[in-house]
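Letter by letter, the chains look like this.
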Amino acid sequence: MKKLFMVLAFAGVSVASMAQDDAVNKYSVATNSFWSNWFIQVGANWNAFYSNQEHGVRGDADLSNSPFEKERSSLGAAIAIGKWFTPGIGLRTKLQGIWGKTVAPSWLFRDNADRDNDEKVIGKFNRYWTLSEDVLLNLSNLIFGYNPNRVWNFIPFFGGGLSRTMTHNLYAMHLRVGILNEFRISDRVAINFELGWNRHEEDFDGMVTGSLLEGHKNRGWEDKDNTLYGELGLTFNIGRTGWDAVPDVDALKRLHEQQLAALQSQLNDANAEIARLNNLIKNHVCPTNPGVKEFVTTPVSVFFNLDKTDIASQKDLVNVRALAKYATDNESNVLVSGYADSATGSVEHNQWLSEQRAETVAAELENMGLSRSQIKTQGLGGVDTLSPIEFNRRATVQITE
């Protein structure tokens, strides 16, 4: 018995040192529907019975505590269905049993006709079943965070339920604790190895109570009928499995702020153009060369996300395309100026970032039909000319002649 408890204790300590290298992939999860993360388990087990009656005769009968003695051990089977409500907490309904052995002096059995040998200790077959409701605690997920690719999940459990000995037609309540180890094969299948202890009411094995034994003192776990078992089986995940990651709210907020900043900057450019046109109309300014179509000289802005050199939105290229067509038709030159916001990054990095943004827009102009000889680029580094400062993450395009 001590050896078995040492095994259970070692398994409990081992989870504390389980530094799995896949912990870097852990993430917070969203609540799933009721029909998600159900599972079915099937398995075969080895079990050992410890009757409360045997303790009063152990000294006389020289009966070993070892659970591997043939007088007390037998095979059994189990099936269970359960659900994980979170990656760390679940419930399971489990049915197990079929065969067990009860260890006691022969005269204690109610159906034993031969009472001549009072010291004879036997392990008598006892057909039974237990129906248990277990609370499962996945310590791997609770401690290290949820990881769908984790190979080993360490799951202590506790619960209780109803037991019945079919041999003696008796019912009893029981409490239970144990450790479930799951080893992932795929998203749908896992191998499970389980160690458990069921503590039944004292008449579960169909014998008279231990108080009739001379010199027997009820104490601790010995005043009840106990079952220890080890089980090997398979877990099958059914329905929708796994847990969805919680959206990164901060990242979404930053993206929306950047998109809003880009729209605000475009609105500022449009307002500046409206003001210029109003001033042109007010002063009756006309083109000096009627043969050449006048084009807006206000720079057109193209915006970028934080520390990025690819264009944030292709919608920004609509006005650039119109400018490129004008430059192509009139053989005009264009100037592309790149900027970064001075609030982030070093001076050297912002200079490089502004130059790369200018080159990105220049490449788009070439794709629109302009030759490289018509395009001049410059990087103006980090600036804070626009407010809010995020508006400065841009490149401007304008006609120079």
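What you are looking at is a predicted structure, and each value in this text was computed from that prediction instead of being measured. (Residues numbered from 1 in each chain as written. Predicted model: local features only at pLDDT ≥ 70, side-chain atom pairs only at ≥ 80, totals over all residues. Heavy atoms only, no water.)

Caption draft 1: A look at the packing of aromatic side chains. Applying the stated criterion across every chain, the model contains 7 aromatic pairs. For the pair F34 and W38, a centre-to-centre distance of 5.5 Å together with 75° between the ring planes defines the contact as edge-to-face. A residue is classified by how much of its surface remains accessible, and F34, at 47% relative accessible area, is partly exposed. Their ring planes at 80° and their centres at 5.3 Å tell us that F49 and Y128 sit as a pair that is edge-to-face. Taken together, the positions of F49 in strand β1 (residues 38–50) and Y128 in strand β4 (residues 121–137) put the pair 79 residues apart, joining distant regions of the chain. Both residues of the pair, F49 and Y128, belong to the buried class. In this structure an aromatic cluster arises from ring pairing among F34, W35 and W38. The positively charged end of K83 is found above the aromatic ring belonging to F34, 5.7 Å away from the centroid. Against the face of Y339 rests R394, its NZ or CZ located 5.6 Å from the ring centre. (Phe/Tyr/Trp six-rings, centres within 6.5 Å; stacked < 30°, edge-to-face > 60°. Buried < 20%, exposed > 50% of the residue type's maximum accessible area, 1.4 Å probe, protein only. Helix = DSSP H or I, 4+ residues; strand = E, 2+ residues; numbered from the N terminus. Lys NZ or Arg CZ within 6 Å of the ring centre and 35° of its normal.)

Caption draft 2: Broad picture of the environment of Q374. You can see Q374 is positioned in the loop between α6 (347–367) and β11 (375–383). Spatially, the C-alpha atoms of Q374 and E331 are 7.9 Å apart, while their sequence positions differ by 43 residues. Setting aside chain neighbours within four positions, we find Q374 in contact with A327, E331, S332, N333 and V334. Within the structure, the side chain of Q374 is placed 3.5 Å from the backbone oxygen of A327, a separation counted as a polar contact. (Contact = heavy atoms within 4.5 Å. Polar contact = N/O pair within 3.5 Å; in protein donor to acceptor, adjacent residues only side chain to side chain.)

Caption draft 3: Geometry of α6. In this model, α6 (21 residues) spans 31 Å end to end at C-alpha, consistent with the 30 Å of a helix rising 1.5 Å per residue. For α6, the set of buried residues is N350, L353, S354, R357, A358, V361, A362 and L365. Next to the buried residues of α6 lie β9 (300–303), α5 (317–330), β10 (334–341), β11 and β12 (394–399). (Expected span 1.5 Å × (residues − 1).)

Caption draft 4: Layout of a nonpolar patch on the surface. A contiguous nonpolar patch, built from V42, I79, L95, L131, F183, I185, I191, F193, L232, L234, F236 and I238 and spanning about 960 Å² of accessible area, is present on the exposed surface. Looking at the nonpolar patch, the elements with two or more residues in it are β7 (189–200) and β8 (225–238). The biggest single contributor to the nonpolar patch is β8, with 4 residues. Relative to the helices and strands, F193 is located in strand β7. (Patch = residues over 30% accessible without salt bridge, like charges linked within 9 Å, V, L, I, M, F, W, Y side chains within 5 Å. Areas by Shrake-Rupley, 256 points an atom, 1.4 Å probe, with all protein chains shown as cover. Salt bridge = Lys/Arg side-chain N within 4 Å of Asp/Glu carboxyl O.)

Caption draft 5: View of the confidence of the model for the chain. Scored by pLDDT, the chain has a mean of 79; 74% of the residues are at 70 or more. Segment residues 1–5: pLDDT under 50, and 6 contacts once partners within four positions in sequence are set aside and those in other chains are kept. Taken as a whole, residues 284–293 scores under 50 in pLDDT and shows 6 contacts with residues more than four places along the chain or in a different chain. (pLDDT = per-residue confidence, 0-100.)

Caption draft 6: Focus on the pattern of salt bridges. Scanning all chains against the criterion turns up 11 salt bridges. Note that D187 is salt-bridged to R184, the shortest N-O span being 2.6 Å. Of the residues examined, R184 reaches a relative accessible area of 31% and is grouped as partly exposed. The salt bridge partner of K325 is D329, with a shortest N-O separation of 3.0 Å. Of the two residues, K325 and D329 both sit in helix α5, 4 residues apart, roughly one turn of that helix. For the pair shown, K325 and D329 are each scored as exposed. Three or more residues joined by partner-sharing salt bridges are found here, namely R92, K94, D134, R176, E194 and E231.

Caption draft 7: Molecular detail of the environment of S33. You can see S33 is positioned in the loop between α1 (2–14) and β1. The class for S33 is partly exposed, based on a relative accessible area of 42%. As for S33 and R240, which are separated by 207 residues in sequence, their C-alpha atoms are 9.2 Å apart.

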